[in-house]
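Coordinates in review
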Amino acid sequence: MKLLALMKKEFTRFFRDPRLIVSMILPGILIYIIYSVMGTAMTSEPAAYHFNVYVSGESAVVQTIEQTVELNEGWTVTFEQTDDADAARAEVETGEATALIVFSEGFDDMIGLAPRASIIPAAELVYNSEDSAISAFAAIADAVLDAYGRSFVLTTTDYAQSENFAAQMMAGILPFLIVVFVFSSCMSVTLESVAGEKERGTLATILVTSARRWDIALGKVLPLACVSLIGAASSFLGVALSMPALMGVSIDVAIGGIGFVDYLMLFLLIFSFVPLIVAAIAAVSTLSRSVKEASGYTSVIMILMMVLSIVTAFVDGIGGWVVAVPVLNAVSAMQGVLMGNMVVWQCIVSFALNIVYAGVLVFLIARMLSSERIMFGK
Amino acid sequence: MEKIMAPFADFGEEVVRAENLRKTFTLSRKQQRLDKTGQTHKIAVAGLSFSAYRGEIYGLLGPNGAGKTTTLRILSTLIRPDAGDAFVCGHSVSREAQKVRDQIGFMTSELKLEGFFTPAYLFDFFGALHGVEKETLAKRRKELFERFGIDRFAEVRIKDLSTGMLQKVSLVISIVHDPAVVIFDEPTNGLDVLTAKVVTDFLLELKAMGKSILLSTHIFSLVEKLCDRVGIIIDGRMAADGTLESVCAGSTLEDKFFEIYHAVKGETI
Ligand SMILES: Nc1ncnc2c1ncn2[C@@H]1O[C@H](COP(=O)(O)OP(=O)(O)OP(=O)(O)O)[C@@H](O)[C@H]1O
Ligand SMILES: [Mg+2]
């Protein structure tokens, strides 16, 4: 009952102030703009592009691939039948040819018979994704082949030495940016509401009522986390919408690559560190004497987190221990998801731990509220 | 409503009892420099005892730094005594802080209201925090707002109110839960004559409503005008305590105060 009144007050404060609402929604819009622009710049394929593709064996699917590719304005494909697969491979590896598609004998007929047939039909897609246009072609060919029928074996071979650098940068930086944007929206509401109220003496007025300290702490963190989640959701939407531009492919291919489960995980991870960040800023605010002091400390936390998330992004083979580190665990898990190698246990453990950490912080805030040295010390 | 009690003799129920209260503050470096002392500790309240009675106004009178605010903060459970204890309506401030908070309304300039909200909203908010029933709350709000002329300003944001109206609103909100005891630190400090009158009238009104009031001040006339009882506090100790008549013993409060002050400090000003 008292908790409800406290929470309602925070919500009222927020939703009647257009300035606060805008500050919550802006980050997502910014992410969307930055990423769409950056994505287009970094992965821009030449407007006109000609693909020459070797084909070994026969299948009608080639026509579908051609049609799909040529839907993109300026893109043309020629298919060249070859018997010397090894020579073709060498050309693909050096980038002279776009790709090689190998079909097993009687591919289309066998697909009709499988899986009853004794020989399972097979197809192989060979390419080198270091060229972003070729990478885009491969994505399309892969998707079309995937849709052609389930009952054959598809092997893909990518000659790229490193993963596409641009894509890796994106996946590395994106979670970092989400953290930064979410952090700043949490910061804008929490500092004002906790450190601000303490500085202005309105928190003390609440402390002389018979509301329990635990309720007061929770009555701050819960609504502020909800409100910050709006900011997080906005950042998330920004990311989700700019994903296709980022990957340099059309929207259906992007959604095909990053599945529903991946999106769900991304959202859960963001959902888990929002209350944690709010609770952390609220704790620091409770300790500080003024908004200025609190924002000083909070900036230090933010910089620390930024540096660590960047490190997590670009240090290979970071240990499993990262899952125990608040917020960073989510950053690392999100990077996994975005690079297409999601580790489910890592996501779930990170989620649970972050919520637990937030609870511990709320408990600490309640303790601080009862400490006269912290609340009324000079 | 309760009857107004005769403000003279030692009768009536004891609503506040302080027993040998002590409070020492650790001084930070900065404070030490400001105070120009090498001492690391400051004894703000040094074994203070007194009682205040139902339906009366009790005034804590003392010079700057005497320990008035500290005493009132202990009584309102904002800070804890190092030693001794105090009881408000029979509840210990150190062991039953929650119950004490339900019995008191605390007014001081350090407690502020959020400028963003309206008096009506905050009245309901603090009512809910004190666990007042919805219907009771609505009735009380109507009554109190009418009585103190706040009704016309009920929906004006706190930050747009005049100082006098803001004072009234703060006062009314501090008694939203119908507390038995009202504690008030420096009620007229920093107010112009008009606003100060708003406050003193309010206190007399509260007394008429049967509330017990405990206030602190360094203004003699305020004590003479309002208080039934007075405690003169010097250096954290009670130098004199009793009904206004018994403390003054025929002379004016001011003369009596300096007499006591010299006796305690052994110096002239
Ligand atoms: N939180 C604190 N930390 C350190 N010293 C304090 C603290 N609070 C009060 N003091 C010191 O304790 C002494 C008593 O302070 P208090 O505020 O109770 O006096 P007061 O009687 O209310 O004086 P005034 O008339 O100036 O308000 C002063 O010397 C003050 O400096
Ligand atoms: Mg004082």
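First things first, this report covers the structure right here in the doc.

**Looking at the site of ligand 1**
- Within the structure, ligand 1 sits among 16 residues, and G65, G67, K68, T69 and T70 of chain B are positioned closest to it.
- Surrounding ligand 1 is a set of residues that belongs to chains A and B.
- At a separation of 2.9 Å, an oxygen atom of ligand 1 approaches a polar side-chain atom of N64 of chain B.
- G67 of chain B places a main-chain nitrogen or oxygen 2.9 Å from an oxygen atom of ligand 1.
- Its free accessible area being 630 Å², ligand 1 has 81% of it covered by the protein chains.
- Mapped onto the shell around ligand 1, the elements with two or more residues apiece are β2 (41–53) and α2 (68–75) of chain B.
- Of all the elements, α2 of chain B adds the most residues to the shell around ligand 1, at 3 residues.
- Broken down by class, the residue content of the shell around ligand 1 amounts to 6 nonpolar, 6 polar and 4 charged.

**Section: the interface of chain A and chain B**
- Counting residues at the interface gives 27 residues for chain A, matched by 25 residues for chain B.
- Taken over both partners, the interface formed by chain A and chain B buries close to 2500 Å², and the fraction arising from carbon and sulfur atoms is 61%.
- Our count for the chain A to chain B interface comes out at 3 salt bridges.
- Its salt-bridge partner being R13 of chain A, residue E114 of chain B comes within 3.9 Å of it at the nearest N-O pair.
- If you look at where chain A meets chain B, you find 10 residue pairs in polar contact (both at pLDDT 80 or more).
- Contributions of two or more residues to the side of chain A that touches chain B are made by α1 (2–15), α7 (165–200), α8 (202–207) and α15 (372–376) of chain A.
- For the side of chain A that touches chain B, the per-class residue count stands at 8 nonpolar, 7 polar and 12 charged.

**Here we look at the packing of helix α11 (residues 260–287) of chain A against helix α12 (residues 291–314) of chain A**
Residues and elements named next belong to chain A.
- At a minimum axis separation of 9 Å, α11 and α12 run at an interaxial angle of 145°. Like other packed secondary-structure pairs, α11 and α12 cross with a definite hand, here right-handed. Facing I277, I281, V284 and S285 of α11, the residues of α12 in contact are A294, Y297, T298, I301 and M305.
- For the contact of α11 with α12, the class distribution of residues is 7 nonpolar, 2 polar and no charged.

What counts and what doesn't
As a convention, each chain's residues are numbered from 1 in the sequence order in which they are written. Each chain takes a letter, starting from A, and each ligand takes a number, starting from 1, following the order in which they are written. For a predicted model such as this one, the threshold for reporting local features is a pLDDT of at least 70, and the threshold for listing and counting side-chain atom pairs is 80 or more; totals across whole chains, interfaces and linings nevertheless cover every residue. The side-chain values count all of the structure's non-hydrogen atoms but skip hydrogen atoms and water molecules. Near residues are defined by distance, with any heavy atom within 4 Å of the molecule or strand qualifying the residue. Under the rule applied, a polar contact is a pair of N or O atoms within 3.5 Å (in protein, one hydrogen donor and one hydrogen acceptor; residues adjacent in sequence only if both atoms are side-chain atoms). Accessible surface area values rest on a Shrake-Rupley calculation with a 1.4 Å probe, where residue burial reflects the displayed protein chains alone. In this text, helices come from DSSP runs of H or I with a minimum length of four residues, and strands from runs of E with a minimum of two, each type numbered from the N-terminal end. Each residue is assigned to one class: nonpolar for Ala, Val, Leu, Ile, Met, Phe, Trp, Tyr, Cys and Pro, charged for Asp, Glu, Lys and Arg, and polar for all the others, Gly among them. Residue contacts follow a heavy-atom distance rule, with two residues in contact if any of their heavy atoms lie within 4.5 Å. By definition, the buried area sums, over both parts, the 1.4 Å-probe accessible area that each loses when the two are put together. Throughout this description, the term salt bridge denotes a Lys or Arg side-chain nitrogen within 4 Å of a carboxyl oxygen of Asp or Glu. Lines are fitted to the C-alpha atoms to define the axes, a helix being fitted only along its stretch in contact, and any angle between axes, read from their N-to-C directions, falls within 0 to 180 degrees. Left-handed describes a crossing whose near helix is turned anticlockwise from the far helix by less than a right angle; the clockwise case is right-handed.

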